[in-house]
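Examining the three-dimensional arrangement
Residues per chain, in single letters:
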Amino acid sequence: MRRILTITVIVLALLVVASMVAIRSYLRSNRVNQDVVGQLEGIYGGPVRVAEVEVGLGSTTIRGVELFERGSDGKEAWLKVASVDMDASLLDLARGNVRPKQITLHGVAASLRFDQAGNLLTSLPVAPGTSDTSLADAFAAVVIDEGEITFRKEGCEDLTVKNVNGRIDNQAGRFVIT
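Let me sum up the structure you'll find in this document.

Rules of the game
- Residues numbered from 1 in each chain as written.
- Predicted model: local features only at pLDDT ≥ 70, side-chain atom pairs only at ≥ 80, totals over all residues.
- Heavy atoms only, no water.
- Helix = DSSP H or I, 4+ residues; strand = E, 2+ residues; numbered from the N terminus.
- Buried < 20%, exposed > 50% of the residue type's maximum accessible area, 1.4 Å probe, protein only.
- Contact = heavy atoms within 4.5 Å.
- Areas by Shrake-Rupley, 256 points an atom, 1.4 Å probe, with all protein chains shown as cover.
- Core = buried A, V, L, I, M, F, W, Y, C linked by side-chain atoms within 4.5 Å.
- Salt bridge = Lys/Arg side-chain N within 4 Å of Asp/Glu carboxyl O.
- Pairing = 2+ DSSP bridges.

**Here's the deal with the overall build of the protein chain**
When its secondary structure is counted, the protein chain shows four helices and eight strands. Put simply, the protein chain has 178 residues, and 29% of those count as buried. Counting contacts in the protein chain only where the partners sit at least 6 residues apart, residues at least 24 apart contribute 51% of the total. Summed over all atoms, the accessible surface of the protein chain reaches about 11,700 Å², with 58% contributed by carbon and sulfur.

**Describing the nonpolar core**
Residues Ile62 and Val84 are the most contacted members of the largest nonpolar core, which totals 24 residues. Elements with a contribution of two residues or more to this core: α2 (30-44), β2 (52-55), β3 (60-67), β4 (79-86) and β5 (102-114). Looking at this core, the element that brings in the most residues is β5, giving six residues. Sequence-distant contacts of Val84, that is, excluding residues within four places in its chain, are made with Thr60, Thr61, Ile62, Val65, Ile103, Thr104 and Leu105.

**Structural notes on the pattern of salt bridges**
Within the structure shown, the criterion is met by seven salt bridges. Between Arg113 and Glu69 there is a salt bridge; the shortest N-O distance is 2.8 Å. Residue Arg113 is located in strand β5, and its partner Glu69 is located in the loop between β3 and β4; the two are separated by 44 residues in the primary sequence. In this structure Arg113 comes out as partly exposed when scored by relative accessible area, which is 33%. A residue is classified by how much of its surface remains accessible, and Glu69, at 14% relative accessible area, is buried. For Arg152, the salt bridge goes to Asp158, with nearest N and O atoms at 2.9 Å.

**So, the side chain of Ser123**
Within the secondary structure, Ser123 is located in the loop between β5 and α4 (132-136). Taking relative accessible area as the criterion, Ser123 reaches 18% and is therefore assigned buried.

**So, the pairing of strand β6 (residues 141-153)**
Where β5 and β6 come together, 11 bridges link them in parallel fashion. Looking across to β6, one finds that Ile103 is bridged to Val142. Here β6 runs beside strand β7 (residues 159-171); their pairing, made up of eight bridges, is antiparallel. If you follow Ala141 over to β7, its bridge partner there is Asp169. Taken together, β6 and the strand that follows it, β7, pair antiparallel across an intervening segment of five residues, in which Gly155 is found at a positive phi of about 80°.

Following this line, the structure appears as structure tokens:
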């Protein structure tokens, strides 16, 4: 009897380990990257590129995020983020209910183009059906860590602002920037 119990415990342990390895392998697959890119493109409304997605039990990290202008050739992103950390769990992703309370953006680099009159030329997409209300429901807070913004005005030298750190809080549907 004791031998059967020992064998059963060993078999169950091996099944758990094999399942964890299979899940970990799937979560690092191109399929997960494609799913994340599709979700981001739906929210953003334009082309998105992602280098890597790492989904954990309690959080998710997305590395090498690039956002492109509407109708661009996909050569130069106007926004690059080295990594995005969010408190979206494996269970949230499986349910398709990703509503992180906090998103932290590390290594943000934005490049905005302007004409000589100071009008914004960078074509920022708007996701179909996006409203301030749906955006307000998407997250509670965004933290920007070590960002930089480059302003490119026709006929002028580029102006780059470095070491940009900040926070955007969603307070009852109003965005407060600090």
